[in-house]
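Overview (structure and organization)
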Amino acid sequence: MGKEFLSTDKAPTAVGAYSQGVKANAGEIIFVSGQLPMDAKSGELFEGDIAKETKMSLKNIEEVVKAGGATKEDIVKVNLYVKDMEDFGIINQAYAEFFGEHKPARALVEVARLPKDVNIEIEAIAIK
């Protein structure tokens, strides 16, 4: 699968650790449902530290992508849903640490409420 991270000066630059867009030749598409900051084995929610919650949700995304035979580098789009936009900087830092130089297209949206009253839920699309 070929992918090209898109960047143009004819649209606003990314304000965080993501690309403006990703062009991909579709192979096998993996749609990852929203992942909560929950430990898969214990079922315990990680709460009270938005950086840890973000990392746990991203780890869960990565595990689903792996189950589909892909890696986090195959992720082309991420949607983050958060309770408090004031957490943007902390979330963005944890997200940047997770993805490194790989910068999928992304949206981050503040919402009124999430399942189990968590602070963050993340979904993704990968193409392998």
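Our structure's up above, just so we're on the same page.
**Notes on the packing of aromatic side chains**
Counted according to the given criterion, the structure contains two aromatic pairs. Where tyrosine 95 meets phenylalanine 99, the ring centres are 4.8 Å apart and the plane angle is 50 degrees; that geometry is what we call tilted. A residue pair is termed a helical-turn pair when its members lie 3 or 4 positions apart in one helix, as tyrosine 95 and phenylalanine 99 do in helix H2 (residues 88-99) at four residues. With respect to burial, tyrosine 95 and phenylalanine 99 carry one shared label: buried. Note on phenylalanine 98 and phenylalanine 99: the rings are 4.8 Å apart at their centroids and 90 degrees apart in plane angle, and the pair reads as edge-to-face. In terms of burial, phenylalanine 98 and phenylalanine 99 fall into one category: buried. In this structure, lysine 72 is placed above the aromatic ring of phenylalanine 98, and the distance from its NZ or CZ to the ring centre is 4.3 Å. Lying across the ring of tyrosine 95, arginine 106 places its NZ or CZ 4.6 Å from the centre.

About the cut-offs
- Position numbers for residues count from 1 along each chain, tracking the sequence in the order it is written.
- Where totals are concerned, whole chains, interfaces and linings use all residues; where local detail is concerned, this predicted model gives features only for residues with pLDDT of at least 70, and gives and counts side-chain atom pairs only at 80 or more.
- Calculation of side-chain values draws on the structure's entire complement of heavy atoms; hydrogens and water are dropped beforehand.
- The rule is short: rings of Phe, Tyr and Trp, with Trp giving its six-membered ring, pair when the centres are within 6.5 Å, and they are stacked under 30 degrees, edge-to-face over 60, tilted in between.
- What counts as a helix is a DSSP run of H or I of at least four residues, what counts as a strand is a run of E of at least two, and both are numbered from the N terminus.
- For every residue, the accessible area (1.4 Å probe, protein chains only) is compared with the maximum for its type, and the residue is labelled buried under 20%, exposed over 50%, or partly exposed between those bounds.
- By definition, being over a ring means that NZ of Lys or CZ of Arg is both within 6 Å of the ring centre and within 35 degrees of the ring normal.

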